[in-house]
Structure formats: structure tokens, C-alpha cells
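# A structural walkthrough
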Amino acid sequence: MKKIIIPLLLSVFLPSILKAEDVEFRAEAPQQVVVGKPFTLRYTVNQRARDLQAPDFSNFDFIAGPYTSQSSSTSFVNGKRTSSFTLTYTYTLMGREEGTFTIQPATIRVDGNEYTSNGVRIQVLPADEQPVHNQTTTNKQNSNNSQGSTANVGISKDNIFIRTIVSKNRVNEQEALLLTYKLYFAGVDVAQFTQNTKIPEFSGFLKQELEQQEIQTELEHYNGRNYQTAVIYRTLLYPQHSGDITIDPAHFEAVLRVQVRQQVRSIFDDFFGSYTNVTRELTAPGTTIHVEALPTGKPAGFSGGVGQFTMTGDISTTELKANEAVTIRLNIQGTGNMKLLKTPAVDWPEGFETYDAKVTNNFKTTTQGVSGTKQIEYLAIPRAAGEYTIPPIKFAYFDTRDNQYKTLTVGGWTLHIARGENDETTSTVVQSYTNKEDIRQLGTDVRYIYTGPLTTTKAQSKKIVFGSWQHIICYIIPLLIAIILFIVFRRRIKENADIVRMRYKKANKVAQKRLKEAQKAMNEHNKQAFYEAIERAAWTYLSDRLNIPTANLNKENIVSILRSKQVDEQLIEEVKQVLSTAELARYAPSAESAMEQLYKQTSELIDKLENQKI
Amino acid sequence: MTSIKNIRNIIILLTCFLLTHNMNAQVSSDFQTANSYYDEQEYDKALEAYQLCLQENEGVVLSRKSKAQVYYNMGNAYFKQGNLSQSILAYERCLRLQPRNKDAKYNLEIAQSRIIDNLTDNSSFFVAKWAKAIRDLLTEQAWIVVSICLFLMTLIGILVFALSHYVSLRKASFHTAWIALILSIISFFNAGSLHHRDTDRTEAIITQGILNAKSSPDKSGTDLFTLHEGTKVNIKETLGDWCNISVGNNEGWIQTSHVERI
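Report on the accompanying structure.

Helix and strand counts for chain A stand at 8 helices and 32 strands. Taking as baseline every contact in chain A between residues at least 6 positions apart, the subset at least 24 positions apart corresponds to 72%.

Moving on to the interface of chain B and chain A. Facing the 52 residues of chain B at the interface are 36 residues of chain A. Of all the secondary structure elements, the ones that give two or more residues to the side of chain B that touches chain A are helix H1 (2–39), strand S1 (60–62), helix H3 (64–81), helix H5 (102–114), helix H7 (140–163), helix H8 (167–200) and strand S3 (210–214) of chain B. In terms of residues, the side of chain B that touches chain A owes the most to one element, H7 of chain B, which gives 11 residues. Split into classes, the residues belonging to the side of chain B that touches chain A amount to 26 nonpolar, 20 polar and 6 charged. Taken together, the 3 bridges between strand S32 (residues 456–458) of chain A and S1 of chain B define a ladder with antiparallel strand orientation. Each bridged residue has a counterpart across the sheet, and for Lys458 of chain A the counterpart in S1 of chain B is Val60 of chain B.

Residues and elements named next belong to chain A. Sheet topology places strand S2 (residues 32–34) next to strand S10 (residues 120–125); 3 bridges connect them, and they run parallel. Each bridged residue has a counterpart across the sheet, and for Gln32 the counterpart in S10 is Gln123. Where strand S7 (residues 99–103) meets S10, 5 bridges bridge the pair, whose relative direction is antiparallel. Note on S10: the bridge partner recorded for Thr102 is Arg121.

So, on to the nonpolar core. Judged by nonpolar contacts, the single largest core of 56 residues is most densely connected at Tyr91 and Cys94 of chain B. In this structure Cys94 of chain B touches Ala68, Tyr71, Tyr72, Gly75, Asn101 and Ala104 of chain B, once residues within four positions along its chain are discounted. Among the nonpolar cores identified, the runner-up in size contains 26 residues, and Ala518, Ile558, Val578 and Leu605 of chain A belong to it.

Take Cys474 of chain A: it is sitting in helix H4 (residues 469–523). Separated by 10 residues in the primary sequence, Cys474 of chain A and Ile464 of chain A have C-alpha atoms spaced 9.5 Å apart. Filtering out sequence-adjacent residues up to four positions away, Cys474 of chain A remains in contact with Ile464 of chain A together with Ile148 of chain B.

All right, on to the sheet that holds strand S3 (residues 38–45) of chain A then. Residues and elements named next belong to chain A. Pairing is antiparallel in the open sheet, where 4 strands are placed in the order S1-S3-S6-S5. Both edges of this open sheet fall to strand S1 (25–28) and strand S5 (60–77), since each of them pairs with a single strand only. On average, adjacent strands in this sheet sit at an angle of 15 degrees to one another, irrespective of strand direction. With 8 bridges connecting them, S3 and strand S6 (residues 80–95) associate as antiparallel partners. In the sheet register, Thr40 faces S6, and the bridge partner there is Thr92.

This next bit is on the sheet that holds strand S12 (residues 170–172) of chain A. Residue and element names in this part refer to chain A. Read across the open sheet, the 3 strands follow the order S12-S21-S18; overall the sheet is mixed. Every interior strand has two partners, whereas the edge strands, S12 and strand S18 (243–247), have only one. Adjacent strand axes in the sheet meet at a mean angle of 35 degrees, parallel and antiparallel pairs treated alike. Examined bridge by bridge, S12 and strand S21 (residues 287–292) share 3 bridges and lie parallel to one another. The partner of Asn172 across the bridge, within S21, is Glu292.

Even without glycine at this site, Asn323 of chain A takes up a positive phi of about 70 degrees. Judged by local crowding, Asn323 of chain A falls into the partly exposed class, with 18 C-beta atoms found within 10 Å. If you check the backbone angles, Gln41 of chain B has positive phi at about 65 degrees while not being a glycine.

Next up on the list: the packing of helix H6 (residues 555–564) of chain A against helix H7 (residues 569–587) of chain A. All names here are of chain A. At a minimum axis separation of 10 Å, H6 and H7 run at an interaxial angle of 165 degrees. With respect to H7, the element H6 is oriented roughly antiparallel. Seen from above, H6 lies across H7 with right-handed handedness. Judged by residue contacts, Lys555, Ile558, Val559, Leu562 and Arg563 of H6 engage Ile572, Val575, Lys576 and Leu579 from H7.

Residues and elements named next belong to chain B. Look at helix H2 (residues 43–54) against H3: their axes get within 10 Å of each other, and the N-to-C directions meet at 160 degrees. Classified by the angle their axes make, H2 and H3 are roughly antiparallel. When the axes of H2 and H3 are compared, the crossing they make is left-handed. Between H2 and H3, the contacting residues are Tyr43, Ala46, Leu47, Tyr50, Cys53 and Leu54 on the first element and Lys67, Val70, Asn73, Met74, Ala77, Lys80 and Gln81 on the second. Among the residues forming the contact of H2 with H3, the class breakdown is 9 nonpolar, 2 polar and 2 charged.

Cut-offs used in this document
- Residues numbered from 1 in each chain as written.
- Chains lettered and ligands numbered in written order.
- Predicted model: local features only at pLDDT ≥ 70, side-chain atom pairs only at ≥ 80, totals over all residues.
- Helix = DSSP H or I, 4+ residues; strand = E, 2+ residues; numbered from the N terminus.
- Contact = placed C-beta atoms within 7 Å.
- Nonpolar A, V, L, I, M, F, W, Y, C, P; charged D, E, K, R; others polar.
- Pairing = 2+ DSSP bridges.
- Core = buried A, V, L, I, M, F, W, Y, C linked by C-beta atoms within 7 Å.
- Buried ≥ 20, exposed ≤ 12 C-beta atoms within 10 Å, placed from the backbone.
- Axes fitted to C-alpha atoms, helices over the stretch in contact; angles between N-to-C directions.
- Parallel < 35°, antiparallel > 145°, perpendicular 65-115°, else oblique.
- Left-handed = near helix turned anticlockwise from the far one by under 90°.

Right, here's the structure in full:
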């Protein structure tokens, strides 16, 4: 057990012990140096150390070193002891040629362990060219300056000036551009800037100032001279229209500390030197920015965004009930004119109650432009059930890297909305506009369900389907039967008609035959047979001629038919006479002469009727 | 040999009858369960049971009238659930099978009074309304039978007219014939109209809560007008997932999944 506990304890306490004695080994050197000017390179370590293995300084001229110095301090604060120790190795080097060189890390031993320092990058600037003493400008400035001739020495346009530096001279509309006012000075000291600073308004641009960092001076080689430089003002500019936009000059007023070179009055003056403060107006020159309009063919739903963006989005739910809220969250991330982005529109379907989008911005201004995220929350409440589709959300912007429009899309969702608890379509509203008190309608509701018995049939019961052949046959068969019936009946009628005509035609012949029989009987003096023959001749003739069935054969009938056929009244009288004479004579026998007369009369009558058109 | 066959046939017929009787009993019990669910306000279960009643069960289906009653009850259940479009659909189906069901008419009116779209009957012309009312008086089968009977009457009338000698009889039969012929033709067209309605099923009910009719069968089409749930539309043609509908004087395209044919 003990064997295990000891390493455990060690592992717990050792780190803290070691931590208290953390070794820090660093190399320090100025970032920029000038050719031919010595500089120092320091290695500091906070422990007692030995065996410093300096790297190769082959890119630099080695002048001196290493000088070792060490310091230690101990302090008690609130009864707590803190001690520090510093061991410094100092080398003096000199830049040999201009360029950027890296001094490799050095190594050092502390308590037998080897530690490595950081490497150092040093930019070696070229040496100053022959100083140009532009006396005229100096004089000119002097005359403008009311500070007097005593304080003017060493201040010239070459000694101190402000440059206007723009990151790009040609930009696209809405593309960020960084404008920097940088102070260059050499041989003078700038004490401070006064409040009399006039920065132009940057009309035509949207300005986004960068946070002012602590002013740090850097050495920079410019126009053949090495200057101390400091950034005094930085801003991001977003051009708002295309064309050439001019930026006006900016005016700064700086207080300079100038060493006065004047007649030496006393030995002390000379010894300490004499400085005076000079106020000097500095002008940063104006510049012109060429702004190119965004190419034509802006996509639909162009957000106005210029830069690089990505977009993500999600929906809170796709299955919900009516009257419940649904949220779409969009997250636009990127760099560019984030502040000017239009929120993409969500095309909510009909029947959704929509609310204004909630936008949360989280921006950071950098020299590249504004970057960060823009979170947009869309809230909507569906009011009716159903299945709805939300089309994809489109966000179009101009990509400055690829110089073209790009469209980002997110989503495209289908929402299944179930019926809600309080669907507005089901709420009951009874409207009644009557004043009469008939039956007061308290509410409307559907009538009760049917509870009676049900009946069933076979699934494929025989039914006549409309337009089927069975249906058509139901019409055709009766039609055919009707046609057949019609033809049959017509033929029979025709046949009947033929019989009548035959009788009509043969009527005279039949009558003549009967008359002959009558004549024969007259010659034989057979009265009975004669009258019978005459009577039959008359009746048969009339029956055939007038197409009267034997059953309907009587005197009145015959007379009425003859009348209807418009036969002469005289002839009708004759017919009547013949018929009644023949009838009478049959039962009351008369003379022979009467027989002959009747015979004559009958044959004449038949002849006359034959000539009549009946 | 033949006698054995006859006996077998008789046995088959008897079993068929018995089966039918059993089925009838089963359907009735289903229907009663559904009704009791309805009373207990368990409309989901009631609707399921009603659906069971409507299904064909071993060659036996509900009679037309009973089917209409089941649809009527389903309409009520949907109405109680608040599903207006389905309840309207069920009432319409009921009325299709049984055009003179007064309860269904009344309930349909109530359901329609609660939908959002103000319904204007497509055939607002009164003659067309009457024609429709007359058409709905009988079923397709009945109209077919009536039409055939009237046609027979026409034929008899013509025969009598053509063959009779008696003037009055001829007159009477002539008038009978032409009146019967016209009525037969009307009945024929009524049957045809009903047949067309039942087979093509052009009438449909919107089931989607709210939707926009488009100018073309495409989601990018211009929105023409808005329709709400429960509105009755006429489907004129279908093209893929889309159908051309008309409501009143409006015409537009909507997705087929948003409507249900009656």
C-alpha cells in the first residue's frame, strides 16, 4: 500500500513545487533596426542558469557581449514573501544589410535541464540617405510660425509629417477599406496632440472607427530615411456610392519638444540642453478612392451584403399544433458590412401570424472590416391546421474574394400542423338579428347521429350501369319489338284494306249474279226464290260497296253512310224503297208484274250506285 | 346426377344466405359500438369503427341508404372533433348516396356556416338549381329505370297512334307519346349526370387550413386567391401533383394533396 501512496502524493505535490520555480527564458530585441546602427539583444532568465548557447549571429555584425548582469529582489506583502531573480545576458549587434532576419532560439541550462528561448525576428532597415536640408521649406514654415526664429531649428517637413494610408485605392461599393493616419517623425519628439484635430467627414462613406489602441512607435524606413512612426487614427470606411470619392485632408495639431539651439549663455544651459514646446499644425493629405459599382445582375433578395458570409439556420419544430409558436433561427457569420445587412425575409405561408424578427448582433471591428455574427429569430404562429411548406431562406451577397454574387440558402421546411385546442374555426358564434321571441336559438349544433338498423347487400349486385351495353339494349330491344309490331299490324291492315277493295270491285259482279238468279227464279215463277235473290243482291251489294260488316247491316246504317258520302237524296229514297219493297214482297206475295218491276228497279239502282263515286 | 347438383346448389345458396346474415349482424354490432363511442365522445374510436362498417366484408357491403347513414354519423363525429373539412366531406358523401337526407342537409349547412370562405353556389341561376334539385331526387339506378319505362310508354303510344282507327284514342296516345319521350330523355340525362358525378368525382373539399391558388401548376406561380378549409371546389383537370380547380368565377391551380374528392 505504501508503495502506491508515495508516488500518488508526489504526483499531487510535485507540480506545485515545480510551478513555483517555473523557468522563464526569453530573448528580446527591437523589431526594427537600421543598418550600421548597433542594437542590443537580451536574454533574460528568472533562475540561476549557466551554459548559455547563443545562436548564430551570422546575419549581423557581432560587436560585443555577452555581458551578464543579475538582480534579485524579495518583498513581503501581507506577510507573504515573494522573491524574484533575473539573470540577463546582453549582446550588442549591428545590422549588416537590409532585410528581415530571424535570430534562432538560444538554449540555457537550469539545474541540469535545458531550456530554449524564443526566436526573434528583426527587420533591418536601410541606413538614412544623405539628409536633405530643405532650407526653403523650413524658412517658409518658420515665417508661418509665430513661435519665433529661436524655436524652429530641426523642424521641417521631412522631420515630421502625417501620411494618409488607405488599404485599397480601388474598392467595390460597400467593401470595407481601412484608412490610417500615421505620424512619421525623426529627430523631434512629439509631446502630445492638442484638441484642435480636424478629421474630415468622409462624406460618401459609412465610417466605422476602430478602437484606439495604445500608441506604439515603430521604426520605419520611408523615403530613404528611418522614422519613428505611430498610428494616430484608424477608421474603416464603407463607400456608399460608386465613382471617385475624395477624402479631404485631415488637420492635426501637435505639440513638439524641440531642442533649442541658441547662443550658449551659460555652461549649465549647454550641459543640460534646452527644450521648448512648439505647436505645429500637421496636415494629412487628402486622397481619392475609386469606388466601383457592384456588377449588374443583382440576384433577387440581395441583402446589400458585401464581404464573405456563411449562414446557418434551423427551425424549432416541424410538428406542432395550431396556435403554437414556431421559431426559425438564422445565424449569419462573416466579415464585411455586417451592420448594413438586410435581414433575409422568410416567406411564411398564408395563415401564419408573423412577428418582427429579433436581431442580435455580435460584431467585432477589425482592420479587415466588421466581423462577427448576426442572429435573427423569426417567430410565427400558425392559425390553421394543415401541411405547409416554408421555402428555403435565401441570403444573397457580393463576395469580395471571388468578385461575384453568391446566394446562401438555408432550410426549406415542411410543417405539419395539427389541430389546436382552441382552433378559431371551431369557435361557435351564433348571430341572431331577430327581435321577435320565437324560439330562442341558444346555439347551433349538428343533429344527432342515426342509430337505426343497417341493411346490407351483396357487393356485386346486378345493376344497370349508365352507358353500358345492358343499358343501351334496354332501349333497343323495346324499339325493335315496337318496329316489328308496327310492321305486322300495318301488313294486316293493308291486307284488310285489300279485302274491302276486292269486295268493292266485285260488288257489281256479285249483284249481277244474284240478279241473274232472280231472273231465273222469275222465269220459273218461283216467287220465294226470286225475292230472296233480289233482297240478297241489294243487301250484299250495299254491304260490299259501302264496306259495312254484315252485323251492322240495316237500313238506318246504310242511309246514314250514304248520306255521309253525299249521295243524292233521290237515290237514297230509291234505295230505301227497293229494300222495303223486297222485304215486304217476301212475306206478302204480289203479282208477276210487280216481280218484273222490282227486278228492273233493282238492276237500275245498282247501275246508278255503280256510277256514283262512293 | 342432376338432382345431386341441384341439392348442392341449394346448400351453397343456404350457406351464402347464412353468411350474409352473419355479416349483417357483425356490421350492425360494429355500427352500434361506433355509436356508443360517439356517445362517450371518443370520436377517434368511433370514426375507426364507422370506417370498418363501410368496408366490404366477404362480398357483402352496406346498402346505399345504410352507407349514407354511416357517412352521416362520420360527419357528425368529425364535426364534434372540430375537423370541418372532413365533416363536410362526409355529409357530402352522405347526400350523394341519399340526396334527400334532411338531417345531413341541415348538418352540412351548419358545418358550412362555420367555414371561412363564403360559399356561393356555382350554379346560381335558379333553373340550374332546380335542375340539380330534380336530378338529386332519385338515384342513378332509379333514373335509368324511369327513363326505360317512359321510353316503353313512348313506344306504346306511337304504336297506338299509328294503328288505331279511333280519333280520340289516337289523339291521346300521340300526346302521351311525346310527353313520355321528353321525360324519358330528361331522365336519361339525369342518370348520365349522376353517373358522371359519381365516376369522375370532380367535386372536392379543401382539407388544408389555408392555401393559395396559383396561376400555374408550380410553386412559383402567382398567387391568385386564397381558399380556406372546407370550401367545395370543382376539379377540372389534374396535372401531376396539381389540379386545376374552379370556385365560383375563380380558377386556379392547387396541389392535389390539399383537396379530397367527394
